[in-house]
Amino acid sequence: MVRLTTTISRAGRKMAIGLGAALTWVLCGGATLADQPREWQLGMQAAATPITERIHQFHDELLVIIFAIALFVFALLIIVMVRFNARSHPVPTRTSHNTLIEVLWTVIPVLILVTIAIPSFKLMYYMDRVPDSKMTVKVTGHQWYWEYTYPDNGNIDFNSNLIADKDLKPGEPRLLDVDNPLVVPVHTNIRVQVAGSDVIHSWFVPSFGVQEYAVIGRLNEAWFNVDHAGTYYGECNQICGVNHAFMPIKIVAVSEADFQKWLTEAKTKFSSLDKPKNNATQVATADQAPAVLPVADTSVQAGNR
Ligand SMILES: [Cu+2]
């Protein structure tokens, strides 16, 4: 008996250590490796903006409510199975109405939904209203790349194209890295205007909590304020054609000083809006699509069609 207890306690200790390690990995790993999806990742990418922080908080609150409801329904099912099966309850009751219960099962769900709706609407308005923005970035979705414009910084305008597998340098994530990332300063309210040029795309950056449709002839707005310098990745998440999977988003958030430095370089590097586009030759038409497909692996191409 004593031996059994020791074995159990040893196993328990091992399990506790394992759980502790896993938890530390999730907590620490999650916080530092936050900018892009990781293999075997659990949970969401860590928040890089106040919007994402609130989204995650709301998600956690909903999780509690969902759990409580699931446990309650599970308990009811167990009670019904134990108390009202044919053996323990051979003569079924003929009850068909119970006013009190009917009122309760209508009113309580309504109250639960209202409880969810209030923080949900608060969050939606928080995401929707662009607070005093210091700068604007215009994002245009094309088949199949993104174009970034800085209207209040000398109309810098450039295209952001995927780096093909064969050109990837060590450390550059496959299908996520681009030639020209969007560069933004940290701790700045940035207004994002999203538009489309051909079909509907969607500019989605998980760690920023921003997902905005790029619709032709329509200007959608979002905003973000990046907490800390770093590189953040996102993807087009509106099925937009054959190369939908190959138009990732890369955002580099830098300090204000570094941003000013980048602006000076960018002004010479990229042509401004009133000059012809720097890489207009890369604009793809539908019949050119297979030719511009930037991934060498043909099995991937076929899988994405
Ligand atoms: Cu797209």
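Preceding this section is the structure that the text describes.
This section reports on the structure supplied with the text. The residue numbering used here restarts from 1 in each chain and proceeds along that chain's sequence as written. Reporting in this predicted model follows two pLDDT cut-offs: at least 70 for local features of residues, and 80 or more for side-chain atom pairs to be given and counted; totals over whole chains, interfaces and linings ignore these cut-offs and use all residues.

**Description of the pairing of strand E3 (residues 156-160)**
Most of E3 is tucked away: five of the five residues are buried. Between the buried cut of 20 or more and the exposed cut of 12 or fewer other C-beta atoms within 10 Å of a residue's own C-beta lies the partly exposed class, and all C-beta atoms are placed from the backbone. Strands here mean DSSP runs of E at least two residues long; helices mean DSSP runs of H or I at least four residues long; both are numbered from the N terminus. The alternating pattern of E3 places Ile156, Phe158 and Ser160 and Asp157 and Asn159 on opposite faces, both of which are buried. Between any two strands, pairing holds if DSSP finds at least two bridges. In sequence, strand E2 (residues 145-150) turns back onto E3 through a hairpin of five residues, with glycine 154 there showing a positive phi of about 70°.

**Remarks on unusual backbone geometry**
At the junction of glutamine 143 and tryptophan 144, the peptide bond is cis and its omega measures out at 5° in the coordinates. With phi around 60°, tryptophan 40 is a residue other than glycine that occupies positive phi space. As for its position among the elements, tryptophan 40 is in the loop between helix H1 (2-32) and helix H2 (50-83). A positive phi is found at asparagine 155, a non-glycine position, where the angle reads about 55°. As for its placement among the helices and strands, asparagine 155 is situated in the loop between E2 and E3.

**What about the sheet that holds strand E10 (residues 248-254)?**
Taken in spatial order, the five strands line up as E4-E10-E9-E6-E7 in an open sheet, and their pairing is mixed. Looking at which strands have only one partner, the edges of the open sheet turn out to be strand E4 (182-185) and strand E7 (210-214). Averaged over all adjacent pairs, the angle separating strand axes in this sheet is 25°, with direction ignored. By the bridge criterion, four bridges tie E4 to E10 in an arrangement that is parallel. Pairing of leucine 182 across the sheet is with isoleucine 251, part of E10. Here an angle of 0 to 180 degrees is reported between the N-to-C directions of two axes, which are lines fitted to C-alpha atoms, with helices fitted over the stretch in contact.

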